[in-house]
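# Coordinates in review
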Amino acid sequence: MKKILVIEDEQAVRENILELLDAEDFQALGAADGQVGLQLAYSELPDLIICDVMMPELDGYGVLANLRQNVLTATIPFIFLTAKCDKNDFRQGMALGADDYLSKPFTRAELLEAIYTRLHKQNNINQYYQQQIEELRNNITLSLPHEMRTPMNSILGFSQLLIRAADIIKPPEIREMAQSINNAGERLFKLMQKFLLYAELEVTATDYQQIQRLKNADTFFPTESISYLLHQKASQENRADDLQLNLKDAHLKIGEKYLLKIIEELIDNAFKFSRPGTTIKVINTCINNTFTLSFIDQGRGMSAEQIAKIGAYRQFDRKIYEQQGSGLGLIIAKRLVELHGGKLKINSIPQEETIVQVILPYEKLKV
């Protein structure tokens, strides 16, 4: 049974609405003023709120503003009742997050239509987010255990072997096992670092002051660290001849640490999802006040649907292709770009060409 809260200071109007809701099998709650209505909203968490605009002490706008600032009540559908039909009043309510307006006097049919429309819309929203949560849960279930189990198996397996057979294993074999343990440990450490950074960025996204601090940093692109990172990654993948760079100078409003992280994740993906012997280009342009850094490869690519569903812990076609990775790298790069006032664009023709573009605001270098 859906719970509906009615906040209305006119007793006759409030009682009529409550009777109507009871007849429609809703659980109806009534409040005679805004303060009582707020208390009921916080304690009862109704599925929908109907609220008069003009009330003494705390009016409907004040009620809505308070509700939208509380995470528990921020998404509850909210319908205003008003005798005022001024355009500015409608605008004020909508700016605060009202879902609908009903002008007094209204009919039974109009009220019920507004209620059922909002409940239906909210139900669709809830189903959508439930689906997203379920997908995230499945992605974590499929991705993280694999990513953690594989290096842990190497660490535990080789270390146990060293303990049991330390007296008979030859030094070259010990060195090889130690290297395997070290490689697995580094892989596990990198996964933990990505997870912590992703969590940090999600918190930062809700902190306006922290976002402003990020945007106040700057980097004169390209730095030696950036060039070194790109060439080092190519060497690690034995693909030094595949990498082509064409980098122009620019002054970017982003710290070098975060710019390096964006580049690291995107160049890593370019190598990971393309074949040796195919070209990977990293180029940038500076047009007007826009800096665009492009990563171009001729690898597996992504469909339009996959691009739209990019998210943390998500890997596509994992049953077809076996690769390492938690799916965090791309979403970390995307989030970092967005926090700095930019956007990340992906254009891809599967199995032919993929272009990943980092688009950021930039300032022209002074000569």
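Scroll up a little and you will see the structure.
The following refers to the structure shown. In this text, all values refer to a predicted model and were calculated from it rather than measured experimentally.

## Topic: the overall build of the protein chain
- Within the protein chain, the secondary structure is distributed over 11 helices and 12 strands.
- Within the span of the protein chain, comprising 367 residues, buried residues form 41% of the whole.
- Contacts in the protein chain between residues far apart in sequence, at least 24 positions, make up 66% of those at least 6 positions apart.
- Of the roughly 20700 Å² of accessible surface on the protein chain, 52% is carried by carbon and sulfur atoms.

## Here we look at the sheet that holds strand β5 (residues 100-103)
- The strand order across the open sheet formed by 5 strands is β2-β1-β3-β4-β5, and the pairing between neighbours is parallel. The two strands at the open ends of the sheet, each matched to only one other strand, are β2 (27-31) and β5. Each strand axis lies, on average, 20° off the axis of its neighbour in the sheet, ignoring direction.
- Pairing geometry for strand β1 (residues 3-7) and strand β3 (residues 48-52), over 4 bridges, is parallel. Within β3, the residue paired with V6 across the bridge is I50.
- Contacts from helix α1 (residues 11-23) reach β1, β2, β3 and β4 (78-82) within the one sheet, and its direction differs from that of β2 by about 170°.
- Lying on the sheet, helix α3 (residues 60-68) is in contact with β1, β3, β4 and β5; it crosses β4 at an angle near 170°.

## Considering unusual backbone geometry
- Look at the link from K104 to P105: it is a cis peptide, with omega at -5°.
- With respect to the helices, strands and loops of the structure, P105 is situated in the loop between β5 and α5 (108-164).
- Following F221, the chain continues into P222 via a peptide bond in cis, with omega recorded as -10°.
- On the secondary structure map, P222 appears in the loop between β6 (219-221) and α8 (224-236).
- One non-glycine residue, D25, lies in positive phi territory at about 65°.

What counts and what doesn't
- Residues numbered from 1 in each chain as written.
- Predicted model: local features only at pLDDT ≥ 70, side-chain atom pairs only at ≥ 80, totals over all residues.
- Heavy atoms only, no water.
- Helix = DSSP H or I, 4+ residues; strand = E, 2+ residues; numbered from the N terminus.
- Buried < 20%, exposed > 50% of the residue type's maximum accessible area, 1.4 Å probe, protein only.
- Contact = heavy atoms within 4.5 Å.
- Areas by Shrake-Rupley, 256 points an atom, 1.4 Å probe, with all protein chains shown as cover.
- Pairing = 2+ DSSP bridges.
- Axes fitted to C-alpha atoms, helices over the stretch in contact; angles between N-to-C directions.

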